[in-house]
Amino acid sequence: MVPRAVPALLLLALLVVPAEAAPAAPGFKVRLLDGKSALDSRDLIGKKVLVLRFQASWCKPCAKESAALAQLAERYRGRGVQTLAIHVQDTAADAQRFVREQRATYPVALDPKLTVGNRFGFKGTPYTVVVDTKGEMVARIHGASALARLPRILDGLVGKATR
């Protein structure tokens, strides 16, 4: 006969096991398209949430969502969120044209050979990754639905804005 407390203790032990952590984001350093500055992701750990948007000049959903990405970047900038668009399989000239035509106000970097993209599990544009302040990938969103989902994710990480 098993004492009644044993099943209860087993259940309690299962509830106390810590949840599995999100996968760690790979560190990377990129030169921004402006040619004047660089971004090292390791400098943001403990300080900012990072939204990485892998996109391309030839990606129609990326162009369509560029204005919304700029609004999102502006909305969360003061709340500890850094947004970075990484143009994959693109030339500098094409990425600059995209930035100019879309009036992109967020920082943009190039990853023509998918050096950074492949480390984040890139499978096609658009692809969005959210890295929290602990350096963990808390969201990986393939496709155009990312911008609709990001506010809920970011509010959960940095808190809702006070108005």
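Above this note sits the structure.
Presented here is a report on the structure given in the accompanying data block. (Residues numbered from 1 in each chain as written. Predicted model: local features only at pLDDT ≥ 70, side-chain atom pairs only at ≥ 80, totals over all residues. Heavy atoms only, no water.)

It is worth spelling out the overall build of the chain at this point. Counting secondary structure elements, the chain contains five helices and seven strands. For the chain, the sequential pattern of α-helices and β-strands runs α-β-β-β-α-β-α-β-α-β-β-α. Counting across all 163 residues of the chain, residues that qualify as buried make up 41%. For the chain, long-range pairs separated by at least 24 residues make up 69% of all intrachain contacts whose partners lie at least 6 apart in sequence. (Helix = DSSP H or I, 4+ residues; strand = E, 2+ residues; numbered from the N terminus. Buried < 20%, exposed > 50% of the residue type's maximum accessible area, 1.4 Å probe, protein only. Contact = heavy atoms within 4.5 Å.)

All chains considered together, the criterion is met by six salt bridges. Between Arg42 and Asp40 there is a salt bridge; the shortest N-O distance is 3.0 Å. With relative accessibility at 16%, the residue Asp40 sits in the buried group. Two residues, Arg97 and Glu101, come together in a salt bridge whose shortest N-O distance is 3.9 Å. In this pair, Arg97 and Glu101 are both assigned in helix 3 (residues 92–102), four residues apart and thus about one turn of the helix distant. We classify Glu101 as partly exposed; its relative accessible area is 48%. (Salt bridge = Lys/Arg side-chain N within 4 Å of Asp/Glu carboxyl O.)

Judged by pairing direction, the sheet is mixed, and its five strands sit side by side in the order 5-4-3-6-7 without closing on themselves. On the outer flanks of this sheet lie strand 5 (108–111) and strand 7 (137–142), each paired with one strand and no other. Within this sheet the neighbouring strands show an average axis-to-axis angle of 20°, counted without direction. In terms of strand pairing, strand 4 (residues 81–88) meets strand 5 through four bridges, oriented parallel. Paired with Val88 across the strands is Asp111, a residue of strand 5. Across the sheet, helix 5 (residues 146–158) is in contact with strand 3 (49–55), strand 4, strand 6 (127–131) and strand 7; its angle to strand 3 comes to roughly 165°. (Pairing = 2+ DSSP bridges. Axes fitted to C-alpha atoms, helices over the stretch in contact; angles between N-to-C directions.)

On to the nonpolar core. Ranked by size, the top nonpolar core spans 26 residues in total, and within it Val51, Val81, Tyr106, Val130, Leu150 and Leu154 carry the most contacts. For this core, the secondary structure elements donating two or more residues are strand 3, helix 2 (60–77), strand 4, helix 3, strand 7 and helix 5. Residue contributions to this core peak at six residues, all from helix 2. Here Val130 is in contact with Val49, Leu50, Val51, Glu136, Met137, Val138, Ala139, Leu150, Ile153, Leu154 and Leu157, once residues within four sequence places are set aside. Formed by 20 residues, the second largest nonpolar core is a distinct cluster that contains Leu44, Ala109, Leu114 and Val129. (Core = buried A, V, L, I, M, F, W, Y, C linked by side-chain atoms within 4.5 Å.)

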